[in-house]
Amino acid sequence: MSDEPRRSVFAAFRASFLTGLVVVLPVGLTIYVVWGLIGWIDGWILPLIPATYQPDALVRRYFGPEANFPVRGVGVLVFLVATAIIGWLTRGLLGRSVMRKAEQLVDRVPLVRSVYSGVKQI
């Protein structure tokens, strides 16, 4: 037998709750932040997509007019593809020369220069 004093039911519950909180809180916060970030990007990108290709219109077209469920992440997908295309274009000779000229222009503006260089370092 152990010489440890028995904990009360409340103390055992509190210890289990705190252990569960240590596990659940980071996962929950991560899901919450990612979900919010996806919604923010969708809110920023989706207005740029024509109404015919909006996720809600596509859902109604393929699942019927009574189908009404949100589709999240299309803006993120468009953002990723557009960023990859911009990166692909920038890797070429023309893209590198355009980037060099743009960075020279940014280096001439005091406040923009410090913000741009800070973000670029990150």
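Just so you know, these numbers come straight off a predicted model, no measurement behind them.

**Looking at the packing of helix 4 (residues 93-106) against helix 5 (residues 110-121)**
Any two packed helices are characterised by how steeply their axes cross, that is the angle between the axes, and by the distance between the axes.
Alright, step 1. Running from amino to carboxyl end, helix 4 crosses helix 5 at an angle of 130 degrees, the nearest separation of the two axes being 9 Å. With respect to helix 5, the axis of helix 4 lies oblique. Here helix 4 contributes Met99, Glu103 and Val106 to the contact with helix 5, which in turn contributes Val112, Arg113, Tyr116 and Lys120.
Alright, step 2. Residues that form the contact of helix 4 with helix 5 fall into these classes: 4 nonpolar, no polar and 3 charged.

**As for a positive patch on the surface**
Alright, step 1. A cluster of basic residues, Arg96, Arg100, Lys101 and Arg108, forms a positive patch on the protein surface.
Alright, step 2. With respect to the helices and strands, the residue Arg108 is situated in the loop between helix 4 and helix 5.
Alright, step 3. Since its relative accessible area comes to 65%, Arg108 is described here as exposed.

**Observations regarding the nonpolar core**
Alright, step 1. Counting residues in each nonpolar core, the largest one holds 5 residues, listed as Ile41, Ile45, Leu46, Ile49 and Val76.
Alright, step 2. Residues contacting Leu46, with those up to four places away along its chain left out, are Gln54, Pro55, Val74 and Gly75.

**Observations concerning the packing of helix 1 (residues 9-45) against helix 3 (residues 74-91)**
Alright, step 1. Interhelical geometry of helix 1 versus helix 3 gives an angle of 70 degrees and a closest axis separation of 7 Å. In terms of orientation, helix 1 lies roughly perpendicular with respect to helix 3. For the pair helix 1 and helix 3, the contacting residues are Ile38, Ile41, Asp42, Trp44 and Ile45 in the first and Val74, Gly75, Val76, Val78 and Phe79 in the second.
Alright, step 2. A class-by-class count of the residues in the contact of helix 1 with helix 3 yields 8 nonpolar, 1 polar and 1 charged.

**A few points about the confidence of the model for the protein**
Alright, step 1. Looking at the protein, pLDDT values average 82 and 96% of them are 70 or higher.
Alright, step 2. Element-level mean pLDDT values for the protein span from 81 in helix 5 up to 85 in helix 3.

**Regarding the packing of aromatic side chains**
Alright, step 1. Applying the stated rule across the entire model yields 3 aromatic pairs.
Alright, step 2. Seen in terms of ring centroids, Phe13 and Phe17 are 6.3 Å apart; in terms of plane orientation they differ by 20 degrees. Their pairing is stacked. Within this pair, Phe13 and its partner Phe17 are both found in helix 1, separated by 4 residues, close to a single helical turn.
Alright, step 3. Judged by its relative accessible area of 55%, Phe13 is exposed.
Alright, step 4. Judged by relative accessible area, which is 47%, Phe17 ranks as partly exposed.
Alright, step 5. Between Trp40 and Trp44 the ring centres are 6.2 Å apart and the planes differ by 5 degrees, which places this aromatic pair in the stacked class. You can see Trp40 and its partner Trp44 sitting in helix 1, 4 residues apart, about one turn around the helix. Both residues of the pair, Trp40 and Trp44, belong to the exposed class.
Alright, step 6. Members of the aromatic cluster, joined through ring pairs, are Trp40, Trp44 and Phe79.

**Describing helix 2 (residues 55-63)**
Alright, step 1. For helix 2, the set of buried residues is Pro55, Ala57 and Val59.
Alright, step 2. Along its buried surface, helix 2 packs onto helix 3.

Reading the values: rules and limits
- Residues numbered from 1 in each chain as written.
- Predicted model: local features only at pLDDT ≥ 70, side-chain atom pairs only at ≥ 80, totals over all residues.
- Heavy atoms only, no water.
- Axes fitted to C-alpha atoms, helices over the stretch in contact; angles between N-to-C directions.
- Helix = DSSP H or I, 4+ residues; strand = E, 2+ residues; numbered from the N terminus.
- Parallel < 35°, antiparallel > 145°, perpendicular 65-115°, else oblique.
- Contact = heavy atoms within 4.5 Å.
- Nonpolar A, V, L, I, M, F, W, Y, C, P; charged D, E, K, R; others polar.
- Patch = residues over 30% accessible without salt bridge, like charges linked within 9 Å, V, L, I, M, F, W, Y side chains within 5 Å.
- Areas by Shrake-Rupley, 256 points an atom, 1.4 Å probe, with all protein chains shown as cover.
- Salt bridge = Lys/Arg side-chain N within 4 Å of Asp/Glu carboxyl O.
- Lys, Arg positive; Asp, Glu negative; His and termini not counted.
- Charge placed at Lys NZ, Arg CZ, Asp CG, Glu CD.
- Buried < 20%, exposed > 50% of the residue type's maximum accessible area, 1.4 Å probe, protein only.
- Core = buried A, V, L, I, M, F, W, Y, C linked by side-chain atoms within 4.5 Å.
- pLDDT = per-residue confidence, 0-100.
- Phe/Tyr/Trp six-rings, centres within 6.5 Å; stacked < 30°, edge-to-face > 60°.

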